[in-house]
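# A closer look at the structure
The primary structure of each chain is shown beneath.
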Amino acid sequence: MPSSSLGLLLRLVHQHWTQAVEAALDKAGYGDIRPPHANVFTFARPEGIQVSELTRLARVRKQTMTQAVEELERLGYVERRPDPNDRRGRLVFLTEKGQGVRPIAMAAGRRVDESWAALTSQQQMDDLRTALRRLLEQLQ
């Protein structure tokens, strides 16, 4: 291990998790989805969501989110419709194709969680999850 820097360790573990989810999506025929698209699938709502809200929830730049939404729209995973509560706004909705992504990604994520628990222990994974939640709550 090159460093015990928490930032580096978190990034490397996240890369492992992301690669496993990407492989599952690719195998299921969703090979055109890239990591930046994950923020859209994670935070999209059945009633639609504005890009500004996606940006806030994902904690990314508006330009980054706008680009991800535009790419996913071209690929047929999302569509934008007028916001009935804001004449200038548009809402992002998952299409039928887009709705197929979430269950595959979630199942792949659960498999990663299970494999990590087998390498350490379920208690250690639960403790890690609790510690990270507490930290995120304090940072918000």
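Use the structure listed above.
First things first, this report covers the structure right here in the doc. Sequence positions are assigned chain by chain, starting from 1 and proceeding in written order. Residues qualify for local features only when their pLDDT is at least 70, as the model is predicted, and side-chain atom pairs are given and counted only at 80 or more; totals for whole chains, interfaces and linings, by contrast, use all residues. Processing note: side-chain calculations cover all non-hydrogen atoms of the structure and skip hydrogens and water entirely.

### Comments concerning unusual backbone geometry
In this structure, Arg 59 is a non-glycine residue whose phi angle is positive, near 55 degrees. Arg 59 gets classed as exposed once you look at its relative accessible area, which sits at 55%. Exposure categories follow from relative accessible area, calculated using a 1.4 Å probe and restricted to protein chains: below 20% of the type maximum is buried, above 50% is exposed, and the middle band is partly exposed.

### Section: the side chain of Thr 95
Its place among the elements puts Thr 95 in the loop between strand 2 (86–94) and helix 5 (96–99). Here the side chain of Thr 95 touches Gly 76 through a polar contact of 2.6 Å, landing on its backbone oxygen. Two residues qualify as a contact provided that any one of their heavy atoms is within 4.5 Å of a heavy atom in the partner residue. In contact with Thr 95, not counting residues within four places along its chain, are Gly 76, Tyr 77, Val 78 and Glu 79. Strands here are runs of E lasting at least two residues and helices are runs of H or I lasting at least four, both read from the DSSP assignment and numbered beginning at the N terminus. Pairs of N or O atoms are called polar contacts if they sit within 3.5 Å, as long as, within protein, a hydrogen donor faces a hydrogen acceptor (for residues adjacent in sequence, only side-chain-to-side-chain pairs).

### Points about helix 6 (residues 101–119)
How far a helix is expected to stretch is found by multiplying one less than its residue total by 1.5 Å. The first and last C-alpha atoms of helix 6 sit 27 Å apart over 19 residues, in line with the 27 Å expected at 1.5 Å per residue. Elements that come into contact with the buried residues of helix 6 comprise helix 1 (6–27), helix 2 (38–43), helix 5 and helix 7 (122–139).

### Quick word on the pattern of salt bridges
Here, a salt bridge means any side-chain nitrogen of Lys or Arg that lies within 4 Å of a carboxyl oxygen of Asp or Glu. For the coordinates displayed, the defined rule picks out 7 salt bridges. Residue Glu 53 pairs with Arg 45 through a salt bridge whose shortest N-O separation is 3.5 Å. Look at Arg 45 and you get partly exposed, because its relative accessible area is 34%.

### A look at helix 3 (residues 51–58)
Taken together, the buried positions of helix 3 are Val 51, Leu 54, Thr 55 and Ala 58. For helix 3, the angular spread of buried residues about the axis comes to 100 degrees, placing them on one side. Of the surrounding elements, those touching the buried residues of helix 3 are helix 2, helix 4 (62–75) and strand 2. Residue Arg 59 follows helix 3 closely and has a positive phi angle near 55 degrees. Read the arc as the range of directions from the helix axis to the C-beta atoms.

### What about the pairing of strand 2?
By the convention used here, strands pair only if DSSP detects at least 2 bridges between them. Summarising the sheet, strand 1 (residues 78–83) and strand 2 pair through 6 bridges and their orientation is antiparallel. Residue pairing across strands places Val 78 opposite Leu 94, the latter belonging to strand 2. Counted along the chain from strand 1 to the antiparallel partner strand 2, the turn is 2 residues long.

### A short note on the nonpolar core
Note on terminology: a nonpolar core comprises buried Ala, Val, Leu, Ile, Met, Phe, Trp, Tyr and Cys residues joined through side-chain atoms within 4.5 Å. Counting residues in each nonpolar core, the largest one holds 23 residues, and the members touching the most others are Val 69, Tyr 77 and Val 78. The set of elements that each furnish at least two residues to this core consists of helix 1, helix 2, helix 3, helix 4, strand 2 and helix 6. Element by element, the count of residues in this core is highest for helix 4, at 4 residues. Beyond its immediate chain neighbours, meaning those up to four positions away, Tyr 77 contacts Tyr 30, Asp 32, Ile 33, Phe 41, Leu 72, Phe 93, Leu 94, Thr 95, Lys 97, Gly 98 and Val 101.

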